Amino acid sequence: MIQSQTRRLWIRAAAKIREQYQSQATVFPNVNSPPVDQWTRVMRLSRLLLKARQHHCPVALQRCLGQYKQSVSRMIHDLTACHSELTTIKRPTVIPSLRELVDELCSLPDEFEETRIDWSEQEIVVRTPPVILRNVNLGEFEIRLRWSELGDPQPYRVISLSQTGTDDVHHPHVQGDTLCEGEGKIPISQALVEGRLGDFFLLVQQILQTYNSGSAYVPLDRWWNSSCADCDDSMSQEESRPCSTCEHQICEYCRRNCTACGDHLCSSCADTCETCDDTFCRGCLSNCESCGECFCHPCLSDETCSHCLEESLENEDALSEESTPDTPPAAAPPSETSEAAETSPAPVQPVCLGQTDLPA
């Protein structure tokens, strides 16, 4: 029962794959027009040459001859380009039958331990055994053939399940999920064109199990090495440490430690206190509320650095001096007061209403 259900799934996938083959077969190639304009110009110059020779015009003959040579050269170039485009047009391929595709898919479990259909991605997926190259275990890989891209230059992906490498290189000949096919490019392409899906997966697996140091993205002798994020030098796993903040690998010569918490830091994540100039991580530094610069906690007092604190105290002293009241003037001595009273004229009393002024 299980086998019959599995076969139905393979038949369903084979039908999708055959639809893609049929859509590719109905695509008509573009054929460019021949260089008619160049041919017309060559024929016109040929007639002018004949007239110049008949009328014995050496100057016109030489001028037409130079133009004639240039036009013939351009026409040869255009015809060669046209011929190259015609030779690249492939003859209509025979579309594999549904039965052939079903047989190819049903044979995959005999060659690979795990095979499945990813309907959401429209991919046939097989898993390879662990790939070991020169005693370096690269782990298992998935080969994913996307049937909706059949006819494209590389309609498949190679995914590392172990992620043993660094960055986006997890196999010496795989960058990201793209395989460097090398000499296997033509056999792989031919297998896909003819619908030999089993041969396609076996060819890709064979390339994964082959190592060529001349075309490797990362040589195996440096496989477990990584590059320092600061100096870009190669370092082994024992020499490298991840930055506690950004997790980039750094060598022991570029590594810095936070004075407060001891975390490993790269140059981009390390910072210094403006007062003591020691190295700290950003979590162990605070900003001065006055100037906004970074300082460690021992160099701050009430969230203020020593320089801003001194300036604040000086400003307070200056304000207190300006706000002190002036000394009142001293009182005049009693003698001066009496003399001033004697010399000052007596106040003139106004005449009251209803009274007459008496004669003196």
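An account of the accompanying structure is given in this report. Computed from a predicted structure; not experimentally measured. (Residues numbered from 1 in each chain as written. Predicted model: local features only at pLDDT ≥ 70, side-chain atom pairs only at ≥ 80, totals over all residues. Heavy atoms only, no water.)

Further remarks concern a negative patch on the surface. The grouping of E310, E311, E314, E316 and D317 at the surface amounts to a negative patch. Structurally, E311 is set in helix α8 (residues 306-322). With relative accessibility at 39%, the residue E311 sits in the partly exposed group. (Patch = residues over 30% accessible without salt bridge, like charges linked within 9 Å, V, L, I, M, F, W, Y side chains within 5 Å. Areas by Shrake-Rupley, 256 points an atom, 1.4 Å probe, with all protein chains shown as cover. Salt bridge = Lys/Arg side-chain N within 4 Å of Asp/Glu carboxyl O. Lys, Arg positive; Asp, Glu negative; His and termini not counted. Charge placed at Lys NZ, Arg CZ, Asp CG, Glu CD. Helix = DSSP H or I, 4+ residues; strand = E, 2+ residues; numbered from the N terminus. Buried < 20%, exposed > 50% of the residue type's maximum accessible area, 1.4 Å probe, protein only.)

On to the pairing of strand β1 (residues 114-118). On a regular strand, one side chain projects to one face of the sheet and the next to the other, so that they alternate. Pairing of β1 with strand β2 (residues 123-127), which is carried by five bridges, proceeds in the antiparallel orientation. In the strand pairing of β2, D118 is matched with E123. Hairpin connection between β1 and β2: a loop of four residues separates the two successive antiparallel strands, and Q122 in this loop has a positive phi of roughly 55°. (Pairing = 2+ DSSP bridges.)

This next bit is on the sheet that holds strand β9 (residues 178-179). Taken in spatial order, the three strands line up as β7-β8-β9 in an open sheet, and their pairing is antiparallel. Whereas interior strands pair on both sides, the edge strands pair on one side only; in this sheet they are β7 (169-171) and β9. The pairing of strand β8 (residues 174-175) with β9 spans two bridges and is classified as antiparallel. The residue of β9 that forms the bridge with V174 is L179.

The next thing to look at is a positive patch on the surface. Residues R41, R44, R47, K51 and R74 make up a contiguous surface patch of positive charge. Considering every element that reaches the positive patch, the biggest residue donor is helix α2 (residues 36-54), with four residues. Among the secondary structure elements, R41 is positioned in helix α2. Overall, R41 belongs to the partly exposed group, its relative accessible area being 32%.

Before going further, it helps to spend a moment on the environment of D199. Its location among the elements puts D199 in helix α7 (residues 197-208). Overall, the relative accessible area of 34% leaves D199 in the partly exposed class. Once the C-alpha coordinates of D199 and E104 are considered, the two residues, 95 residues apart in sequence, prove to be 8.8 Å apart. Of the polar contacts made by the side chain of D199, one reaches the side chain of R196; its length is 2.8 Å. (Polar contact = N/O pair within 3.5 Å; in protein donor to acceptor, adjacent residues only side chain to side chain.)

This brings us to the sheet that holds β2. An order of β1-β2-β5-β6 is seen for the four strands of this open sheet, with the pairing classed as antiparallel. Whereas interior strands pair on both sides, the edge strands pair on one side only; in this sheet they are β1 and β6 (156-160). Shown here is a sheet whose adjacent strand axes are inclined to one another by a mean of 20°, direction ignored. Note: β2 against strand β5 (residues 141-146), five bridges, orientation antiparallel. (Axes fitted to C-alpha atoms, helices over the stretch in contact; angles between N-to-C directions.)

This part covers the packing of aromatic side chains. By the definition in use, this model includes four aromatic pairs. Aromatic side chains W119 and W147 sit 5.9 Å apart centroid to centroid with 70° between the ring planes, which places their arrangement in the edge-to-face category. One end of the pair, W119, is in the loop between β1 and β2; the other, W147, is in the loop between β5 and β6, with 28 residues separating them in the sequence. Residue class for W119 comes out partly exposed when judged on its relative accessible area of 29%. Ring pairs connect the aromatic residues F112, Y156, F200 and F201, which therefore count as one cluster. Positioned above the aromatic ring of W119 is the side chain of R12, whose terminal nitrogen or guanidinium carbon lies 4.1 Å from the ring centre. (Phe/Tyr/Trp six-rings, centres within 6.5 Å; stacked < 30°, edge-to-face > 60°. Lys NZ or Arg CZ within 6 Å of the ring centre and 35° of its normal.)

On to the side chain of D118, then. Within the element layout of this structure, D118 appears in strand β1. Within the local environment of D118, its side chain forms a polar contact with the side chain of R144, the two groups lying 3.1 Å apart.

Here we come to α7. Because an α-helix completes one turn every 3.6 residues, residues spaced three or four positions apart along the sequence face the same direction. With twelve residues, α7 extends 17 Å between its outermost C-alpha atoms, agreeing within 8% with the 16 Å of an ideal straight helix rising 1.5 Å per residue. Three or more residues of α7 are buried, namely L197, G198, F200, F201, V204, Q205, I207 and L208. (Expected span 1.5 Å × (residues − 1).)

Below, the discussion takes up the pattern of salt bridges. Applying the stated criterion to the full structure yields 14 salt bridges. A salt bridge links E121 to R146; the shortest N-O distance between them is 2.8 Å. On the criterion of sequence distance, the pair formed by E121 in the loop between β1 and β2 and R146 in strand β5 is long-range, its members being 25 residues apart. For R146, a relative accessible area of 19% gives the class buried. Note that R146 is salt-bridged to E123, the shortest N-O span being 3.1 Å. Of the two residues, R146 is situated in strand β5 and E123 in strand β2; the sequence distance between them amounts to 23 residues. The pair R146 / E123 is uniform in exposure class, with both members buried. One network of salt bridges, in which partners are shared, links E114, R116, D118, E121, E123, R127, E140, E142, R144, R146, E149 and R157.

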